[in-house]
Amino acid sequence: MKKSKLIILTVVVAIAAITGAVALGGCNTNAPTQQVLFNEANKIWTDKSGKETLTYDVMSGENAIGTYVMTGESVKNANIVVGENTLEGKSGIYFTSSLDVSEVKDGVTVNTVMNTQSYLSASFVVQNSYRITTVTTIDADGKTSTRTTAINGTYEEKKYLYNIKQTGDGEEIAADEGSLGHSKFASGAYIDNDFMYQAVRLLAAVGSNLSFQVPYYNYSDGTFSTVTMEKATSGVSAKNTAVTGLRGDFADAEGITYTGALLSVKLSRKFPGSGTAFTCYVITAKSNSANEADSDSYHYVPAKIKEDNIEYVLKSIS
């Protein structure tokens, strides 16, 4: 991943909300797509404690360069923050994420901090999303430069409304607003890039052949240019495969084996940011050969997410 487009693996540092009409293929169900997604989401955020936090080490090759945290929470008549707005009395699912990474290349340090919030209705229909990303570079002479990109998204029945603003060292350098059409949720579910990995775990549960349209925010030399609608495809490459090399609470230990599926997603153009597919191992179970009675189960937890040499490796769940 290039520093100017460092992603939270689901999200490029500088690409905005991804929405898409999702078409599920190869799934043995006649239920409407959004109902299938809702049923799976309900098992994670409603049937259980109502809130889950996943923490990852961000790896560049063998080096840990930062931390990524994503949270999903079931809310009822709650006030939630999405960007600069407080949404009052909302019920549904509230997703947040935070990314903080630093890399050094050719004597230049690049620090990327990204925060997102997304609100979905109780039927798993996305309503609002927000992302703010700040990229700070420090060159070999100690000169500092900062670029911030803020993106707001609001979803109507068949339309996604967005506005985007970029500033460089405090001065506005780009701004735009507009809309993109999408399918009605009743006929084709749509998702937002700010909770893409939360959605991936649901997609892994319901089918192997998936496609969805994605509004893609294009950048030239890190500066916003245009918004286009792209097509993404995904598939399950392997099932019941061992998942190793996790960290923290999930580090490899004798007698414990994590198993799951390998999912890949590729955009017809650049997704999430480098032009290659990203892959995601989704844990579905843990076995303990010493005492099977104590074996824990995991409901489609994203364990390892990789694009190029950047990898997000699960270290804890709370």
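In this report, the structure presented in the accompanying data block is examined. Positions within a chain are numbered from 1, following the residues in the order the chain's sequence is written. Under the rules for a predicted model, residues below a pLDDT of 70 receive no local features and side-chain atom pairs below 80 are neither given nor counted, while totals for whole chains, interfaces and linings still include all residues. Only hydrogens and water are set aside when side-chain values are computed; all heavy atoms of the structure are taken into account.

Points about the environment of Thr146
For step 1, the next point in the chain: Starting at the N terminus, helices and strands are each numbered in turn, a helix being any DSSP run of H or I of at least four residues and a strand any DSSP run of E of at least two. Take Thr146: it is sitting in strand 7 (residues 144-155).
For step 2, the next point in the chain: Along the chain, Thr146 and Thr136 lie 10 residues apart, while their C-alpha atoms are 4.4 Å from each other.
For step 3, the next point in the chain: When checking whether two residues touch, look at their non-hydrogen atoms; a contact exists if any pair is within 4.5 Å. Setting aside residues no more than four positions away along its own chain, Thr146 makes contact with Thr134, Val135, Thr136, Thr167, Gly168 and Asp169.

Focus: the pairing of strand 3 (residues 63-82)
For step 1, the next point in the chain: Across 10 bridges, strand 2 (residues 51-60) lies against strand 3 in antiparallel orientation. Bridge pairing in strand 3 links Glu52 to Gly72.
For step 2, the next point in the chain: In this analysis, strands are considered paired if DSSP registers two or more bridges between them. Counting the residues between successive antiparallel strands, the hairpin from strand 2 to strand 3 contains 2 residues, one of them, Gly61, with a positive phi of roughly 65°.
For step 3, the next point in the chain: When strand 3 meets strand 4 (residues 85-105), the two strands line up antiparallel, connected through 14 bridges. Bridged to Met70 within strand 4 is Ser97.

Description of the pairing of strand 16 (residues 310-317)
For step 1, the next point in the chain: Counting buried residues along strand 16, 6 of its 8 residues qualify, which places the element largely inside the surrounding structure.
For step 2, the next point in the chain: In this structure, strand 2 lies alongside strand 16, joined through 7 bridges in antiparallel fashion. By the bridge assignment for strand 16, Ser60 is matched with Ile310. Accessibility here uses a 1.4 Å probe with only protein chains present; expressed as a share of the type maximum, an area under 20% marks a residue as buried, one over 50% as exposed, and anything in between as partly exposed.

Considerations on the packing of aromatic side chains
For step 1, the next point in the chain: Planes of paired rings set the category: under 30 degrees apart is stacked, over 60 is edge-to-face and the rest tilted, where pairs are Phe, Tyr or Trp rings (Trp by its six-membered ring) whose centres lie within 6.5 Å. Using the criterion set out here, one finds 8 aromatic pairs in the structure.
For step 2, the next point in the chain: Centroid distance Tyr68 to Tyr312: 5.4 Å. Interplanar angle 80°. Geometry classified as edge-to-face. Here Tyr312 lies in strand 16 and Tyr68 lies in strand 3, a separation of 244 residues in the sequence.
For step 3, the next point in the chain: Seen in terms of ring centroids, Tyr160 and Tyr162 are 6.2 Å apart; in terms of plane orientation they differ by 25°. Their pairing is stacked.
For step 4, the next point in the chain: Tyr162 sits in the buried class, given a relative accessible area of 9%.
For step 5, the next point in the chain: Aromatic rings pair up to connect Trp45, Phe95, Phe124 and Phe195 into one cluster.

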